[in-house]
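Okay, here's what each chain looks like letter by letter:
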Amino acid sequence: MRFFSQSYTYDDSWAIVTLAFFLRYPNPYAAHVISCDVISREQTPSGSLVTTRLILKKGSMPRWFPRGIVSRAESWVIEESEVDPFGKIVRCVTKNLDHVKVMQVEESVQFAQIAEGKTLQHTEARVVSKFGWGLTKKIENHGLSRFKMNMQRSREGVSLILNLLRQSRLQPM
Amino acid sequence: MSQSLSEECTPLKKEYDSCFNSWFEGYLEPAVEAGRAGQRTREANAQKKAEEFEAKCGKIWRQYKSCVTKALKDKGLDTLLEQARQENPLVDPIPPPTSSNSNN
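About the thresholds
- Residues numbered from 1 in each chain as written.
- Chains lettered and ligands numbered in written order.
- Predicted model: local features only at pLDDT ≥ 70, side-chain atom pairs only at ≥ 80, totals over all residues.
- Heavy atoms only, no water.
- UniProt positions renumbered as here; feature names shortened; annotations may be inferred.
- Helix = DSSP H or I, 4+ residues; strand = E, 2+ residues; numbered from the N terminus.
- Buried < 20%, exposed > 50% of the residue type's maximum accessible area, 1.4 Å probe, protein only.
- Contact = heavy atoms within 4.5 Å.
- Areas by Shrake-Rupley, 256 points an atom, 1.4 Å probe, with all protein chains shown as cover.
- Salt bridge = Lys/Arg side-chain N within 4 Å of Asp/Glu carboxyl O.
- Expected span 1.5 Å × (residues − 1).
- Buried area = accessible area lost by both parts, 1.4 Å probe.
- Polar contact = N/O pair within 3.5 Å; in protein donor to acceptor, adjacent residues only side chain to side chain.
- Nonpolar A, V, L, I, M, F, W, Y, C, P; charged D, E, K, R; others polar.
- Pairing = 2+ DSSP bridges.
- Axes fitted to C-alpha atoms, helices over the stretch in contact; angles between N-to-C directions.
- Phe/Tyr/Trp six-rings, centres within 6.5 Å; stacked < 30°, edge-to-face > 60°.
- Core = buried A, V, L, I, M, F, W, Y, C linked by side-chain atoms within 4.5 Å.

The Sequence similarities (unreviewed entry) comment attached to chain B in UniProt states, word for word, "Belongs to the TRIAP1/MDM35 family."

A. Representation of the overall build of chain B within the structure. Within chain B, the secondary structure is distributed over four helices and zero strands. Ordered by position from N to C terminus, the α and β elements of chain B give α-α-α-α. Of all 104 residues assigned to chain B, the portion counted as buried reaches 38%. Across chain B, every contact between residues at least 6 apart in sequence was considered, and the portion connecting residues at least 24 apart equals 57%. Accessible area for chain B stands at about 6600 Å²; split by element, carbon and sulfur atoms hold 49% of it.

B. Structural view of the pattern of salt bridges. Residues and elements named next belong to chain A. Enumeration according to the criterion identifies 12 salt bridges over all chains in this entry. Here K118 and D11 are joined by a salt bridge, their closest N and O atoms 3.6 Å apart. Here the residue K118 occupies a position in strand β7 (residues 118–128), and D11 occupies one in the loop between β1 (2–10) and α1 (14–22), the gap between them amounting to 107 residues. What makes D11 exposed here is its relative accessible area of 61%.

C. Seen up close, the environment of A30 of chain A. As for its position among the elements, A30 of chain A is in the loop between α1 and β2 (33–43). Separated by 21 residues in the primary sequence, A30 of chain A and T51 of chain A place their C-alpha atoms 21 Å from one another.

D. Summary view of helix α1 (residues 10–27) of chain B. With 18 residues, α1 of chain B should reach 26 Å at 1.5 Å per residue; the first-to-last C-alpha distance of 25 Å fits that figure. Residues of α1 of chain B that are buried: T10, K13, Y16, D17, C19, F20, N21, W23, F24 and Y27 of chain B.

E. Local environment of the interface of chain B and chain A. The interface is formed by 47 residues belonging to chain B together with 50 residues belonging to chain A. Regarding the contact of chain B and chain A, the summed buried area is about 4400 Å², with carbon and sulfur atoms giving 62% of it. In this structure, the connection of chain B to chain A is made through one salt bridge. Taken together, chain B and chain A are joined by 13 residue pairs in polar contact (both at pLDDT 80 or more). Looking at the side of chain B that touches chain A, the elements with two or more residues in it are α1, α3 (39–74) and α4 (77–87) of chain B. With 12 residues, the single largest contributor to the side of chain B that touches chain A is α3 of chain B. Among the residues making up the side of chain B that touches chain A, the classes are represented as 27 nonpolar, 11 polar and nine charged.

F. Quick peek at the side chain of E79 of chain A. All names here are of chain A. Relative to the helices and strands, E79 is located in strand β4 (residues 74–84). Of the polar contacts made by the side chain of E79, one reaches the side chain of R24; its length is 2.9 Å. Leave out the neighbours within four places in its chain, and E79 touches R24, T51, T52, R53, I55, C92, V93 and T94.

G. Looking closely at the sheet that holds β1 of chain A. What the seven strands build is an open sheet, ordered β1-β7-β6-β5-β4-β3-β2 (chain A); its pairing is antiparallel. Edge positions in the sheet fall to β1 and β2 of chain A, since each has one partner strand and no second. If you compare each strand with its neighbour and ignore which way they point, the axes differ by 15° on average. With nine bridges connecting them, β2 of chain A and strand β3 (residues 49–58) of chain A associate as antiparallel partners. Looking across to β3 of chain A, one finds that D37 of chain A is bridged to L54 of chain A. Taken strand by strand, α1 of chain B contacts β2, β3 and β4 of chain A, and its axis lies near 55° from that of β2 of chain A.

H. The arrangement of the packing of aromatic side chains in detail. All names here are of chain A. Counted under the stated rule, the structure contains 15 aromatic pairs over all chains. When the ring of F4 is compared with that of F147, the centres are 6.1 Å apart and the planes differ by 70°; the resulting orientation is edge-to-face. Here the residue F4 occupies a position in strand β1, and F147 occupies one in helix α2 (residues 136–170), the gap between them amounting to 143 residues. Between the aromatic rings of Y8 and Y10, the centroid separation amounts to 4.9 Å while the plane-to-plane angle is 80°, which identifies the pairing as edge-to-face. Classification of Y8 by relative accessible area gives partly exposed; the value is 30%. Owing to a relative accessible area of 4%, Y10 belongs among the buried residues under this scheme.

I. Layout of the nonpolar core. Among the nonpolar cores identified, the biggest contains 47 residues, and L54, V83 and F111 of chain A together with Y16, F24, L28 and L72 of chain B are the most heavily contacted of them. In terms of residues, this core owes the most to one element, α3 of chain B, which gives nine residues. Ignoring sequence-local partners within four residues, the contact set of F111 of chain A consists of Y10, W14, V17, F21, K88, I89, V90, T119, L120 and Q121 of chain A. Membership of the second largest hydrophobic core comes to 12 residues, among which are V102, V127, F131 and M151 of chain A.

The structure is reproduced here in structure tokens:
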């Protein structure tokens, strides 16, 4: 298992960062997202919003990966999130549902309001391969470095949406 | 807004998404008093938002949901989802970040 964590601070308020996070597909940095559906969504009695989304992503296998094991380079991803507008916190866990023996990536993201109206994003990732054949470590390392790269792109995607939201709010209705 | 997993559900999804998004924007910023006052205000506010959602988006949500539920069955994805659900990742949430974390 490979583990990774990182924190990042947005200068924007929690509400607008959260909105941008939920609106992030589609964006030019996420061309690999084929579809995204809300499977279930409900408000708890205390007022949090719990959502499950099912996302289909295009992927690609590394060149060194044995041919014929993964027939299609697409992956179903489940995203479970909880938004608490009173505590100003979002928790979101994402993981792939297929190819899990080859590699499973589980990502936890949290957005919390911090001082001065800023927002702290905390991301954790766990990469696990059960592949064997002497490739487990190589697969996990590959998965982790790809995760780090994707994280950068995904943040650029959220920032792009954030900019659009800011601009639309500046315009008089 | 991105596509649905089933082409047939995409128009419903787009209509639902745009309805949800405008509701969600207001949901994220509950009235200021609600933050300071006790649980009661919080619950009353939640109730109000739930009613608002039902009035504005309830119908399109149910249409979209039944379309997706059927598409999941047709594609055999319902069992895959069922398994993932049983593991229930949100039961054991990640701990809050250790840095200063002021909510009030």
